[in-house]
Protein chains: 2
Amino acid sequence: MTGIDDFFSIIPAGGVGSRLWPLSRADAPKFLHDLTGSGKTLLRATYDRLVPLAGPGRTMVVTGRAHRAAVEAQIPELDDASIVLEADPRDSTVAIALAAAILRRREPDVIVGSFAADHVIDDERSFRRAVGEAVEAARAGYIATIGITPTEPAIGFGYIRAGDSAGVAGAPSAAIVREFVEKPSAQVARQYVADGDYLWNAGMFIARADVLLEALATEEPELAAQIEELAAVWDEPARRGPAVDRLWPLLKKIAIDYAVAEPAAASGRMVVVPGDFDWDDVGDFSAVAKLHNGAHRGRLAILGSQGTVIADSASGIVISQSKRIVSVVGIQNVVVVDTPDALLVTTTDNAQRVKQVVDAVRRSGNTDAL
Amino acid sequence: MTGIDDFFSIIPAGGVGSRLWPLSRADAPKFLHDLTGSGKTLLRATYDRLVPLAGPGRTMVVTGRAHRAAVEAQIPELDDASIVLEADPRDSTVAIALAAAILRRREPDVIVGSFAADHVIDDERSFRRAVGEAVEAARAGYIATIGITPTEPAIGFGYIRAGDSAGVAGAPSAAIVREFVEKPSAQVARQYVADGDYLWNAGMFIARADVLLEALATEEPELAAQIEELAAVWDEPARRGPAVDRLWPLLKKIAIDYAVAEPAAASGRMVVVPGDFDWDDVGDFSAVAKLHNGAHRGRLAILGSQGTVIADSASGIVISQSKRIVSVVGIQNVVVVDTPDALLVTTTDNAQRVKQVVDAVRRSGNTDAL
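Cut-offs and rules
- Residues numbered from 1 in each chain as written.
- Chains lettered and ligands numbered in written order.
- Predicted model: local features only at pLDDT ≥ 70, side-chain atom pairs only at ≥ 80, totals over all residues.
- Heavy atoms only, no water.
- Helix = DSSP H or I, 4+ residues; strand = E, 2+ residues; numbered from the N terminus.
- Rg over C-alpha atoms; globule rule 2.2 N^0.38 Å.
- Buried < 20%, exposed > 50% of the residue type's maximum accessible area, 1.4 Å probe, protein only.
- Contact = heavy atoms within 4.5 Å.
- Areas by Shrake-Rupley, 256 points an atom, 1.4 Å probe, with all protein chains shown as cover.
- Lys, Arg positive; Asp, Glu negative; His and termini not counted.
- Charge placed at Lys NZ, Arg CZ, Asp CG, Glu CD.
- UniProt positions renumbered as here; feature names shortened; annotations may be inferred.
- Least-squares fit on C-alpha atoms with pLDDT ≥ 70 in both.
- Buried area = accessible area lost by both parts, 1.4 Å probe.
- Salt bridge = Lys/Arg side-chain N within 4 Å of Asp/Glu carboxyl O.
- Polar contact = N/O pair within 3.5 Å; in protein donor to acceptor, adjacent residues only side chain to side chain.
- Nonpolar A, V, L, I, M, F, W, Y, C, P; charged D, E, K, R; others polar.
- Pairing = 2+ DSSP bridges.
- Axes fitted to C-alpha atoms, helices over the stretch in contact; angles between N-to-C directions.
- Parallel < 35°, antiparallel > 145°, perpendicular 65-115°, else oblique.

An unreviewed UniProt entry annotates chain A as Mannose-1-phosphate guanylyltransferase originating from Agrococcus citreus.

To continue, consider the overall build of chain A. When helices and strands are counted, chain A shows 11 helices and 18 strands. Taken over C-alpha atoms, the radius of gyration comes to 21 Å for chain A, in line with the 21 Å a tight globule of 370 residues would show. Reported as C-alpha extents along the three principal axes, the dimensions of chain A are approximately 60 × 55 × 40 Å. By the burial criterion, 55% of the 370 residues in chain A qualify as buried. In chain A, once contacts between residues fewer than 6 apart in sequence are set aside, the share between residues at least 24 apart is 67%. Working note: accessible area of chain A is about 14,700 Å², and carbon and sulfur atoms make up 47% of it. Charge separation in chain A, taken as the distance between the mean sites of 37 positive and 49 negative side-chain charges, equals 3 Å.

Bringing unusual backbone geometry into the picture now. All names here are of chain A. That bond from Trp21 to Pro22 is cis: its omega, 5°, falls within 30 degrees of zero. Positive phi, close to 55°, is recorded for Asn333, a residue that is not glycine. For Asn333, the position within the fold is in the loop between β16 (325-329) and β17 (334-338).

As a further point, take the UniProt feature "domain: MannoseP isomerase/GMP-like beta-helix" (unreviewed entry) in chain A. Here, the residues flagged by UniProt with the feature "domain: MannoseP isomerase/GMP-like beta-helix" (unreviewed entry) are residues 309-359 of chain A. A distance of 29 Å separates the end C-alpha atoms of residues 309-359 of chain A, which is 12% helix and 51% strand.

Another aspect to go through is the environment of Ile254(B). All names here are of chain B. Mapping Ile254 onto the fold places it in the loop between α8 (237-247) and α9 (256-266). Along the backbone, Ile254 and Thr348 are 94 residues apart, and their C-alpha atoms lie at a distance of 31 Å. If near-sequence neighbours (up to four positions away) are discounted, Ile254 is found in contact with Arg90, Asp91, Ser92, Thr93, Glu220, Leu223 and Ala259.

Take the relation of the copies chain B and chain A next. Aligned on chain A, chain B shows an RMSD of 0.1 Å; the corresponding rotation is 180° and the shift along the axis is 0.1 Å. On the angle and the small slide along the axis, the relation comes out as a two-fold axis. Scanning chain B for the C-alpha nearest the rotation axis identifies Val345(B), at a separation of 4.0 Å. Mapped onto chain A, 100% of the interface residues of chain B are again interface residues, and the two copies thus contact each other with one and the same surface.

All right, on to the interface of chain B and chain A then. Reports of interface size often rely on the accessible area that becomes lost once the parts have come together. Each partner contributes to the interface: chain B provides 34 residues, whereas chain A provides 34 residues. Around 2,700 Å² of area is buried between chain B and chain A when both sides are counted, 60% of it from carbon and sulfur atoms. At the boundary of chain B with chain A, the tally comes to 4 salt bridges. The salt bridge involving Asp312(A) is made with Arg353(B); its shortest N-O contact spans 3.4 Å. In this structure, the connection of chain B to chain A is made through 26 residue pairs in polar contact (both at pLDDT 80 or more). At the level of elements, β14 (308-312), β16 (325-329), β17 (334-338), β18 (342-347) and α11 (354-364) of chain B are the ones that each hand at least two residues to the side of chain B that touches chain A. Broken down by element, the residue count for the side of chain B that touches chain A peaks at 6 residues, all from β18(B). A per-class count over the side of chain B that touches chain A returns 18 nonpolar, 11 polar and 5 charged. The pairing of strand β18 (residues 342-347) of chain A with β16(B) spans 4 bridges and is parallel.

Residue and element names in this part refer to chain A. For strand β6 (residues 143-148), the tally of buried residues reaches 6 of 6 residues, placing the bulk of the element in the interior. With burial as the criterion, each face of β6 is covered, one bearing Ile143, Thr145 and Gly147 and the other bearing Ala144, Ile146 and Ile148. In this sheet, strand β10 (residues 270-275) lies alongside β6 in parallel orientation, the contact comprising 6 bridges. When the sheet's bridge partners are listed, Ile148 is paired in β10 with Gly275. Here 4 bridges tie β6 to strand β9 (residues 198-208), and the two strands are oriented antiparallel to one another. Across the sheet, residue Gly147 finds its bridge partner in β9, namely Asn201.

Residues and elements named next belong to chain B. One can describe the packing of helix α6 (residues 209-219) onto α9 by two numbers: an axis separation of 9 Å at closest approach and a directional angle of 105°. One way to sum up the angle between α6 and α9 is to call them roughly perpendicular. Contact with α6, carried on its side by Leu212, Ala215, Leu216 and Glu219, involves Ile256, Tyr258, Ala259, Val260 and Pro263 of α9 and no other residues of that element. In terms of residue class, the contact of α6 with α9 is made up of 8 nonpolar, no polar and 1 charged.

Here it is in structure tokens:
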């Protein structure tokens, strides 16, 4: 298990996942939960998936200072050089570009691949094949992404429209990206799936670090310069602190899709490698119920309960962080999330509305529970 | 407020109400809860309803030893002579007949009326009128009951078939009971309601104590003798304890319907006074949701919560004994009962199935929660 030459993986571990409240919350975000019943947190599963690709010790995690201990507990293998702590969240461009800039200082020819900490991937062989092609495309100077072959006309994901083959040796399925498109309506999503050229945007980016940073410098020169300035002192602890204190508050919050991927696609520098594996961003409890692979009581999935779950003519999922008895009678596709300070009861059909509950909790002033 | 001459009311306060689990349970039975949002427990509301009929200090509560403190907290007016503590539950005949026997020793001509501690009655004036007629019928030597005029073909109650007028002065609507019938099927219930002679059996019994005890002695002579033996020493503390220790384990468990009411009806000694008031035995959470008269969040009723309830497109009822946030999203007619050691999630349509959950909890060995 030596990994792909020059390849280093980056895991931006941020994002609360507010549609997964009250399970996922500021002090216990989505990536720190086992949402599939696999026995591993999403972060640990992501790390384990990347080690065969990048090789041992060649994965960097970018996370908030508040999550340092939890991340280190999940991945004891991480040394100090492999964890980038953010003073506060600055969106995905800062997370990924800062890691890339730090890695490039250490290894000028490094190819970086960024993979979210909180997605689920089922067929790891197929995932590795796709990343392998993406790395070859990156080596050829492209910024590569992996687009998931849709299995249904999902409206919860953005799509990538693939064009002609990029003609890269070693990356036979890499195609030039024609455009990125936002989450579509149901009707448009059906057209996309029928069309066959559209893939789900899984937020994976693979590129030479210098290519990525150059693309950023073209689009967001000030942000790129600030990131370079931070990276220049990152490995010198005495200088890092003052630089972070000075620069961090200035860093622009912008998604890497806007700062890098879409401009790169517009100028023909972006390729997509189709991924034929099962992938999910586990965006809400409907996804959790669907992906759950662990204990069941009849048709009711059970995640994390240390108590007793009693189901009578019920289906759906119970997620329990208590030792209480949880009994569900005669409700189909129910979602029950039982935490020490907050309870959520809904159905998988209503899973997207959970965000509105979070907004209501915020308005109610119970911010401790968020 | 002097009450009806010679009348003394009895409140048998027993019965866990297992369809109301996990709210109602062995150590906090149904009668100790405010199930309507009125601010009063069912027991207190029952007591307050009876005081104008029997007069102050003329109500006796029969309950389990374990509930003594809770009952006294609810009704500080009760003196020691007005509370009968059961060593263990022996069904309604023992509860009511023992109280009647004790009261007859103190007051030979007493007319007793027994009313469950955990029913809800809305129109108290109409209730008092019905009890007034029943007392007149009792004075004439009948055992009287009050039958509720059905408002729907309910299948959860037993029915009383009324016959000809009893012709009792002062009780113009009292009719001879033709028969008591068990909980009917939906089809039979519709026939009963269409027929017009059928009334709901609300378990109210009004009779001269001596008539009641004589009827019991005819049907269950051994039990009647044991009860008389207990009553004979009840007001002598030194003799009461040994008598209870010796006799209580021998007392037959039998419902008063079988031991007194049905045999009395068969021999023409039972009358029924129709009651045109709203009555409910609050048998399950569907009834609780229907009767709830307190706080709401949109169409979601809230009972007892000290926390925050958040509802989004939800209807039904949340009963909370915690300070947790309870959020319900997109479920209609939901029932959420949140207690420290057990959570129930169901719908009003499934309220009758809660008993099966209790059975499942018992099988699971979590008997502390029952």
